[in-house]
Every structure is written in structure tokens, then in C-alpha cells.
Amino acid sequence: MVARTAGLIAALVLLVLAPGTHARDLKTPQTPWYNLSSEQQRVLAPVASEWDRMPGYQQQRLLGAARRYPDMDPTHQQRFEQRIREWASMTPDQRKAARETFEGLRRLPPEKQYELRERWLRRHPNEGRYPR
Amino acid sequence: MSDFLVAVERRAFKQCVLSVQDEEAALDIVQDAMMRLAEKYSNRPAPELPLLFQRILQNAIRDHFRRTRVRSTWTTLLSSLGFGGDDEDADPLETLEVEVTSSVPATPAERLEQSQVMAAIEEAVRALPERQRQAFMLRYWEELDVGETARIMRCSEGSVKTHCSRATHALAKILRSKGITL
Amino acid sequence: MNEKEFAHRLKPWLDRSAADVGELQATRLKAARLRALEAAQEPVRLLGLVTVSAGTARTLRYSVVQPTLLWLPLAALLAALAFQSLRAPDPGEIDAQLLTQDLPLNAYLDRDFRAWLHEPQG
């Protein structure tokens, strides 16, 4: 009896939690471009034309990334500006895959991360380091 | 469980070393036995542990011999040299001088002597045929009774008594031959 | 001197030889013992949801464990949520890094590169 009640609670928790993360994403309200601050509009300018067609959760992610822009060093700011259009134009699946790869890389020891980065850059000389 | 293992681990190790004559293998065996005891019997009351542990340990030693088979030739060799046989012409126990030296040795010379005695005893125990050594160790070192020893060794109580008696005589004979008195 | 008496005299010698086990062996024996004791405490699954150590499961009385079980899933949920909020302060963090590290975005979609992540490390 007690075990069954505990199981029930657990099942409810899973029901609430598991789809919750996805449902919350889809339900995230959109933020119209005109509601962004001028600073946000400046940083996100490369994706201005697509902004209002983006789902709310993607807008939030971009805003989250943009929030860090003022604290980035100039090289990182330049990369950010160069990549954000490409990033926004990728499909959600591609972005998800890229994040997974990034996190997988980050889990490796630093010297291994460095080795793999260098290996890829050597193989793709034309895609060189940003900024070019 | 922890207290029991602390109390028994070195004795178990020594018992294994004297038996399998290989420290690495002995460590493996003791480790294995402790693991099995802890996994299976950690909820047993403390008084049951010595017997359970010895059963596991002796089985592990037996398995080791089954795997290696080196020992059998060694034992045969020693038996043929007259150790552990039952052809005693006189009872060495009768002729042993009694001289108890269980106090801590005072001088370096005494300590050296003690280490030599220790080495001789260990060698004598090693030289015993496997079953005799096992019976002797369980009965007189682990202080199990005849019935418990018989169950662990999977033999009759009569055999345990025979093994113990032969082991004792063989040990006494070897030690006496080296001029060692206990 | 009879058999028992002889054995009785021999025992202290055997005890001393065991006590004189080398330092290395003593250390290894201790390590083996600790591993064994750890194994005795191996986690036990309750309701297939929560794991506790065997020792804990035995120590806690039935009457204590059962009511606690009701609250464990909720406690686990709260802990998970707290952990999540600690780990991912906001979703823009990874994206910001992806957009600013030296590797271009293509690299993260490159099949070869993804395979390298799983190669054995030497």
C-alpha cells in the first residue's frame, strides 16, 4: 500500500517533470523585436530580420547569449557577431547536435580538447579561426 | 565485521602463505575470502564469523590448488623424503625438552635466535602435507573444535584427529632435528 | 608433552609470525579489508527509484523506512530541480560559448569531429 502510494507519487512527478521541460520551452512567450532594449537590438542586429519569426525559447536562448556580450573580449565579440546569423539559421536539431558535441568536448581533459581542436583546424585550413 | 576482519586478516594471510607458498596468491585468496564473507554474511552475528570465514578461506585455498596443481608434486616429494609419513619410530613429543620462550627477546642475539626459530617453524609447517597442515592450523591455530574442522575439511572427525596427530609428530620431529625446543 | 600441549606452545610462535607480516602486506591486507567492507555496504534499490546502502537499509527500521519512502520521490524531485538550477543558470551560456570559441560552428556538426570525441584516450 505504502509502496504503491510512493510509486504513484513518483509517476506523477515524472509526468509533471519530463514533458515539463519541453512544454515549457514551447510555451515560452515570444518577445517582439520592438520590446528589446537598444543594447539587445545592437548585439542581435544580425538576426533582426528573422527575430519575430523565432519561437520564444530560441529568442530566450539568444538573449541569454547576448547578455554576455558586453563582458566578452574583442575577439570573442567579433566571433559572436560573425556567427550569430549562421547560428540562428541552423535548424533546432542542428543546434541541439552542436550543443551536444560542444558539451562532449568540454568533458574531455583540457589537453585532449586542445589536441582535437588543433586537429580539426589543420584539416580544415579554409575554415580557419574566427576572426579570419 | 570490521573488527573480525582486523583480528583475522594477518593470520589468514600467513595461513595462506604457508599453504600456497606464494605471497601474491595468498593476498588474492585472503582478499577474495574477505570480500565473499562481507558480501554474503555481513548481517550474521559475530560469533558465527570465524567458522564462516574459515570455510570460505579453505575453499579458496582448495580452488587455488585445483587451478595450479603445482603443490601436489611438491607434497609427494616431501612425503617420499619421510615428512608427514606415519612411520615414526619414536614419539618425538616424548623427547622434546620443555623450555618456554614466549617473552620478548632481550638481546640482539636472542632476537636473531628467535627469528631463526620462527623461520624453522614456518618451514616445518610449510613442509607438512596439505591436509595435515590444514587440520593442524584449523584445530590449533584457529582453535576450532574437531567437528567444525571436519566440516570445513569435508572429512570425518576421525580423519581430522589422524591428520592433527601426524602433523604434530612431523612438526616435533623436524624441530627436534634442528635442535629447537619449544 | 602431548599433542595439545605441543600445539599450545607452537601457537604463540605462529601468532607472532602473523603479527610480523611485512608493512607492505599489512597495508595491502588493510586495503583489501576496506574494499570488502565497502562491498558489504553496496547500494540497494528501493522501489526501483532510490538507492541506499545495504547498511543503511538494515539499520533503519521498517517503521522508519516506509513513511520515509513516501517522501523520497518528492525530495528527489526538489533536489533535482535545485541541482538543475545550480548547473544551468541560464540556457544562453552554452550558446554564448559556442558562438565565441575558436572552433567554427561547422566543426561541431562535423561527423569526424564528433567521432574523435569517443576515441580512446592514450
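Thresholds applied
- Residues numbered from 1 in each chain as written.
- Chains lettered and ligands numbered in written order.
- Predicted model: local features only at pLDDT ≥ 70, side-chain atom pairs only at ≥ 80, totals over all residues.
- Helix = DSSP H or I, 4+ residues; strand = E, 2+ residues; numbered from the N terminus.
- Buried ≥ 20, exposed ≤ 12 C-beta atoms within 10 Å, placed from the backbone.
- Contact = placed C-beta atoms within 7 Å.
- Core = buried A, V, L, I, M, F, W, Y, C linked by C-beta atoms within 7 Å.
- Axes fitted to C-alpha atoms, helices over the stretch in contact; angles between N-to-C directions.
- Parallel < 35°, antiparallel > 145°, perpendicular 65-115°, else oblique.
- Nonpolar A, V, L, I, M, F, W, Y, C, P; charged D, E, K, R; others polar.
- pLDDT = per-residue confidence, 0-100.
- Expected span 1.5 Å × (residues − 1).

(A) Geometry of the overall build of chain C. Counting its secondary structure elements, chain C contains seven helices and two strands. If you list the helices and strands of chain C from N to C, you get α-α-β-β-α-α-α-α-α. Per-residue burial over chain C gives 20% buried out of 122 residues.

(B) Looking closely at the overall build of chain B. A tally of helices and strands in chain B yields nine helices and zero strands. Starting at the N terminus and ending at the C terminus, chain B contains elements arranged as α-α-α-α-α-α-α-α-α. Considering chain B as a whole, with its 182 residues, one finds that 36% of them fall into the buried category. Across chain B, contacts joining residues at least 24 apart in sequence account for 67% of those joining residues at least 6 apart.

(C) Fine view of the nonpolar core. Membership of the largest hydrophobic core comes to 49 residues, with the highest contact counts inside it found for B:Cys16, B:Val30, B:Ala33, B:Met34 and B:Leu171. Sequence-distant contacts of B:Ala33, that is, excluding residues within four places in its chain, are made with B:Ala12, B:Phe53, B:Ile56, B:Leu57 and B:Ala60. Formed by 20 residues, the second largest nonpolar core is a distinct cluster that contains A:Val43, A:Leu44, A:Ala65 and C:Leu98.

(D) A look at the packing of helix α1 (residues 2–20) of chain B against helix α1 (residues 3–19) of chain C. Direction vectors running N to C along α1(B) and α1(C) enclose 100°, while the axes themselves pass 8 Å from each other. Here α1(B) lies roughly perpendicular to α1(C), going by the angle between them. Side by side, α1(B) and α1(C) meet where B:Arg10, B:Arg11 and B:Lys14 of the first sit next to C:Ser17, C:Ala18 and C:Ala19 of the second. Looking at the contact of α1(B) with α1(C), its residues break down into two nonpolar, one polar and three charged.

(E) Fine view of the confidence of the model for chain C. Residues and elements named next belong to chain C. Model confidence for chain C is summarised by a mean pLDDT of 76, while 68% of its residues fall at 70 or above. This stretch, residues 58–63, has a pLDDT under 50; its non-local contacts, to residues over four places away or in other chains, come to two contacts. In the predicted assembly, ipTM is 0.74 and pTM is 0.46.

(F) Helix α3 (residues 49–68) of chain B, seen in detail. Its 20 residues give α3(B) an end-to-end C-alpha distance of 28 Å, which sits within 8% of 28 Å, the value for a rise of 1.5 Å per residue. The elements touched by buried residues of α3(B) are α1, α2 (23–41), α7 (130–141) and α8 (146–153) of chain B.

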